[in-house]
Amino acid sequence: QLQLVESGGGLVQPGGSLRLSCTGSGVLLDRHVVGWFRQAPGKERELVATIFRSGNTNYSDSVTGRFTVSRDNAKNLAYLQMNSLTPEDTAVYYCQAARLWATLLEGDGYWGQGTQVTVSS
């Protein structure tokens, strides 16, 4: 299976921070567009952050200024640094890698299993 693996989720208090990681055997992340998605109960899946092969990034308006997506090519890891977390950030977070941005937007790339992020007092 060509799947990604996310890690780093957990329980954090409002205002706190978490860093999620994404990797996958056989998938070189620096040769792919990597997107971070989240899905909360009762809500549609949301693309929150994207890093392109060039290193350029995009963010949804809900996380701009608080989240940072990055990549460590030597370790074949992609990260999502999440700061100033609020309860509205509670969701399962997924990583997807695709060779083309259009493929990523269609959801036809490689996916991870998801990692739970819970922001609560």
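This text goes with the structure placed above it.
Visitor: How do you make sense of the nonpolar core when you look at a structure like this?
Guide: Side chains of a nonpolar character, in soluble globular proteins, are inclined to be buried together. Ranked by internal contacts, the top residues of the largest apolar core, which has 26 residues, are W36, L80, M82 and Y93. For this core, the secondary structure elements donating two or more residues are β3 (18-23), β4 (33-39), β5 (46-51), β7 (67-72), β8 (77-82), β9 (91-98) and β11 (115-119). Considering every element that reaches this core, the biggest residue donor is β9, with four residues. Counting six residues, the second largest nonpolar core, distinct from the first, contains F37, F52, A98 and L104.

Visitor: How should unusual backbone geometry be read in this particular structure?
Guide: If you check the backbone angles, N76 has positive phi at about 50° while not being a glycine. You can see N76 is positioned in the loop between β7 and β8. Positive phi, close to 50°, is recorded for S84, a residue that is not glycine. Position of S84 among the secondary structure elements: in the loop between β8 and β9. Of the residues examined, S84 reaches a relative accessible area of 40% and is grouped as partly exposed.

Visitor: What's the story with the environment of R38 in this structure? I'm lost.
Guide: Following the sequence through the fold, R38 ends up in strand β4. Expressed as a C-alpha distance, the spacing of R38 and V117, which sit 79 residues apart in the sequence, is 9.4 Å. Beyond its immediate stretch of four places on either side in the chain, R38 contacts E44, R45, E46, V48, S62, V63, F67, E88, D89, A91, V92 and Y93. There is a polar contact of 3.3 Å between the side chain of R38 and the side chain of S62.

Visitor: When you look at the packing of aromatic side chains in this model, what are you seeing that I'm missing?
Guide: To describe a pair of aromatic rings, one takes the distance between the centres and the angle between the planes. This model, assessed by the stated rule, comprises three aromatic pairs. An aromatic cluster is defined as three or more aromatic residues linked by ring pairs; in this entry it consists of F37, Y94 and W111. The positively charged end of R19 is found above the aromatic ring belonging to Y79, 4.3 Å away from the centroid. Its end group placed over the ring of F37, R45 keeps NZ or CZ at 5.5 Å from the ring centre.

Visitor: Any chance you could explain the environment of Y79 here in plain terms?
Guide: Tracing the chain through its elements places Y79 in strand β8. Setting aside chain neighbours within four positions, we find Y79 in contact with R19, L20, S21, W36, T68, V69, S70 and D72.

Visitor: I keep staring at the pattern of salt bridges and nothing clicks. Help me out?
Guide: Opposite charge on two side chains permits them to pair, given that their charged atoms come into close proximity. Across all of its chains, the model carries three salt bridges by this definition. When the shortest N-O distance is used, the salt bridge between R38 and E46 registers 3.0 Å. On the accessibility criterion, R38 (8% relative accessible area) is buried. A residue is classified by how much of its surface remains accessible, and E46, at 24% relative accessible area, is partly exposed. R66 serves as the salt-bridge partner of D89, at 2.7 Å between the closest nitrogen and oxygen. In this pair, D89 sits in the loop between β8 and β9 while R66 sits in the loop between β6 (57-59) and β7, placing the two residues 23 residues apart along the sequence.

The rules behind the values
Going along each chain's sequence as written, the residues are numbered from 1 onward. Where local features are concerned, this predicted model is filtered to residues with pLDDT of at least 70; where side-chain atom pairs are given and counted, the filter is 80 or more; whole-chain, interface and lining totals use all residues. Side-chain numbers come from the whole structure's heavy atoms, not from hydrogens or water. Definition of nonpolar core: a set of buried residues of the types Ala, Val, Leu, Ile, Met, Phe, Trp, Tyr and Cys, connected through side-chain atoms within 4.5 Å. Partly exposed residues are those whose accessible area sits between 20% and 50% of the maximum for their type, while under 20% is buried and over 50% is exposed, using a 1.4 Å probe and protein chains only. Note on conventions: DSSP H or I runs of at least 4 residues are helices, E runs of at least 2 residues are strands, and numbering of each starts at the N terminus. We call two residues in contact whenever any of their non-hydrogen atoms come within 4.5 Å of each other. Here a polar contact means two N or O atoms within 3.5 Å. Within protein one must be a hydrogen donor candidate and the other an acceptor candidate, and residues neighboring in sequence count only if both atoms are side-chain atoms. The criterion for an aromatic pair is that two Phe, Tyr or Trp rings (for Trp, the six-membered ring) have centres within 6.5 Å, with stacked assigned to planes under 30 degrees apart, edge-to-face to planes over 60 apart and tilted to the rest. Cation placement over rings: the criterion is NZ of Lys or CZ of Arg within 6 Å of the ring centroid and within 35° of the ring normal. A side-chain nitrogen of Lys or Arg and a carboxyl oxygen of Asp or Glu constitute a salt bridge if their distance falls within 4 Å.

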